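One-letter residues, chain by chain:
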Amino acid sequence: MKKILFLFVSFFLVSCVFTEEVTFNSDKTGQLSIGFNGSEFIKMMGGMNSDEENKVVKKVDSLVVFSDILEVNKDSIAQLPVKEQEELMKLKPYSLRIQMDESADLFLFEMLTDFQKIEDVSDAFKTFSKSSVFGDQRIKGAPIVTNDGVEVSYSFKGNRFERKARIKNAELFRNALDSLSESAMILNASTYKMKYNFPVKVRSVSYEGAQLSSDMKSVFIEVNYKDLTTDPEQYNFTVILEQ
């Protein structure tokens with residue numbers, strides 16, 4: 001009973017870290033990474049079970065390539081409504097890597113994609129949520145929170161980069177928040193870290209809490225995950241680069 005109580009309390013106290021990182025090349029192509037770091041929770045679980053004999057240490061290092069899954073399931077996908085097929089095809093450029101090593105207190109979950117234009121990967125969270133339709137191939141328990149009432153978009157024109165979240169459907173947004181109410185303590189203890197790497201120096205960032213790297217080419221923004229979820233539009237910002 002004490003162990004169960006400890007697990008319950010610790011789950012709400014251990015912070016999780018969500019990450020969003022975009023790296024641009026000089027021609028504005030690049031890579032988007034969205035991830036989750038639950039290493040602190042794995043560490044806490046390891047401490048709880050340290051006295052267990054013959055403990056089997058779990059290790060996972062897997063890469064899911066969605067283009068391969070789409071190919072394997074193409075016959076089944078062809079039976080779906082056209083709109084659902086179109087949504088699934090948006091997953092084609094993405095890969096997902098999961099790393100877990102209890103002996104090293106490691107649990108990382110990362111979605112990756114290369115892009116020709118950053119606009120092509122706008123709203124990547126929602127695109128990734130479509131992976132749940134793959135049945136046994138889905139990533140069960142994926143710690144990514146999505147909200148169908150919110151649209152996230154990127155824009156990179158000239159020397160101006162923008163990240164914008166917009167509540168496009170108020171009813172869906174409220175319903176999603178209601179469904180997350182039981183997770184409020186977890187979200188409040190979690191952090192969302194954004195990092196944007198540019199090929200040239202940054203001149204200015206509109207978000208007041210942003211920090212710059214020593215070479216002035218990377219922007220770091222760290223926010224409370226619950227705040228980001230409940231009021232996404234307050235974290236819209238613009239980056240102006242040197243020309």
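What you are looking at is a predicted structure, and each value in this text was computed from that prediction instead of being measured.

Novice: In this structure, what is going on with the nonpolar core? I would like to understand it.
Specialist: Side chains that are nonpolar tend, in soluble globular proteins, to be buried together. Counting 43 residues, the largest nonpolar core has Ile 118, Phe 161 and Phe 198 as the members making the most contacts within it. Non-local contacts of Ile 118, meaning those with residues more than four positions away in its chain, are made with Val 22, Phe 24, Tyr 154, Ser 155, Phe 156 and Phe 161.

Novice: What exactly am I supposed to notice about the confidence of the model for the protein chain here?
Specialist: Detailed reading of the predicted coordinates is not advisable wherever pLDDT is low. When the pLDDT values of the protein chain are averaged, the result is 80; 76% of them are 70 or greater. Below a pLDDT of 50 lies the segment residues 1-13, which in the model reaches 16 contacts outside its immediate sequence neighbourhood of four places, other chains included. Note that pLDDT drops below 50 for residues 132-144; the model gives that stretch 24 contacts with residues more than four away or on any other chain.

Novice: It is not clear to me how the environment of Lys 28 should be interpreted in this structure. Could you clarify?
Specialist: Counting through the fold element by element, Lys 28 comes out in the loop between strand 1 (17-24) and strand 2 (30-37). Each C-alpha atom, one on Lys 28 and one on Gln 116, is 7.3 Å from the other, the two residues being 88 residues apart in sequence. If sequence neighbours within four positions are ignored, Lys 28 has contacts with Phe 115, Gln 116, Phe 156, Lys 157 and Gly 158. Within polar-contact distance, the side chain of Lys 28 engages the backbone oxygen of Gly 158 at 2.8 Å.

Novice: Would you mind going over the sheet that holds strand 3 (residues 59-65) with me for this structure?
Specialist: Backbone-to-backbone hydrogen bonds pair the strands of a sheet. The strands run either parallel or antiparallel. Taken in spatial order, the 8 strands line up as 3-4-5-2-1-8-11-10 in an open sheet, and their pairing is mixed. Among the strands making up the open sheet, the edge pair consists of strand 3 and strand 10 (211-212). With 7 bridges connecting them, strand 3 and strand 4 (residues 95-101) associate as antiparallel partners. By the bridge assignment, Asp 61 is partnered in strand 4 with Gln 99.

Novice: What is the right way to look at the packing of aromatic side chains in this model?
Specialist: What describes a pair of aromatic rings is the distance from one ring centre to the other and the angle between the planes of the rings. All told, the structure shown has 16 aromatic pairs when counted by the stated rule. Their ring planes at 70 degrees and their centres at 5.7 Å tell us that Phe 24 and Phe 115 sit as a pair that is edge-to-face. Taken together, the positions of Phe 24 in strand 1 and Phe 115 in strand 5 (residues 106-115) put the pair 91 residues apart, joining distant regions of the chain. Phe 115 matches Phe 24 in its accessibility class, with the two residues each being buried. Ring plane angle 65 degrees and centroid distance 5.6 Å describe the contact between Phe 161 and Phe 198, whose orientation is recorded as edge-to-face. Here Phe 161 is found in strand 7 (residues 160-167), whereas its partner Phe 198 is found in the loop between strand 8 (191-197) and strand 9 (202-205), with 37 residues between them in sequence. Exposure remark for Phe 198: the relative accessible area of 5% places this residue in the buried category. Taken together through their ring pairs, the aromatic side chains of Phe 24, Phe 115, Tyr 154, Phe 156, Phe 161, Tyr 196, Phe 198 and Phe 237 make up a single cluster. Residue placement shows Lys 28 over the ring face of Phe 156; its charged tip is 4.6 Å from the ring centre.

So, how was this worked out
Every chain is numbered independently, its residues counted from 1 as its sequence is written. With pLDDT at 70 or above as the cut-off, local features in this predicted model cover only qualifying residues; side-chain atom pairs require 80 or more to be listed or tallied, and sums for whole chains, interfaces and linings still use all residues. Calculation of side-chain values draws on the structure's entire complement of heavy atoms; hydrogens and water are dropped beforehand. For our purposes a nonpolar core is just a set of buried Ala, Val, Leu, Ile, Met, Phe, Trp, Tyr and Cys residues, chained together by side-chain atoms within 4.5 Å. For every residue, the accessible area obtained with a 1.4 Å probe (protein chains only) is divided by the maximum for its type, and the residue is called buried under 20%, exposed over 50%, and partly exposed between those limits. Residue contacts are defined here by distance: any two heavy atoms, one from each residue, within 4.5 Å place the two residues in contact. The predictor attaches a confidence to each residue, called pLDDT, with possible values from 0 through 100. The way it works is that DSSP assigns letters per residue, a run of H or I at least four long becomes a helix, a run of E at least two long becomes a strand, and they are numbered from the N terminus. In protein, a polar contact requires one atom able to donate a hydrogen and another able to accept it; more generally it is a pair of N or O atoms within 3.5 Å, and residues adjacent in sequence count only if both atoms are side-chain atoms. The rule for pairing is simple: two strands pair if DSSP sees at least two bridges between them. When two rings of Phe, Tyr or Trp (its six-membered ring) have centres within 6.5 Å they constitute a pair, described as stacked for plane angles under 30 degrees, edge-to-face for angles over 60, and tilted for the intermediate range. Geometrically, a charge over a ring is one whose NZ (Lys) or CZ (Arg) sits within 6 Å of the ring centre while staying within 35 degrees of the ring normal.

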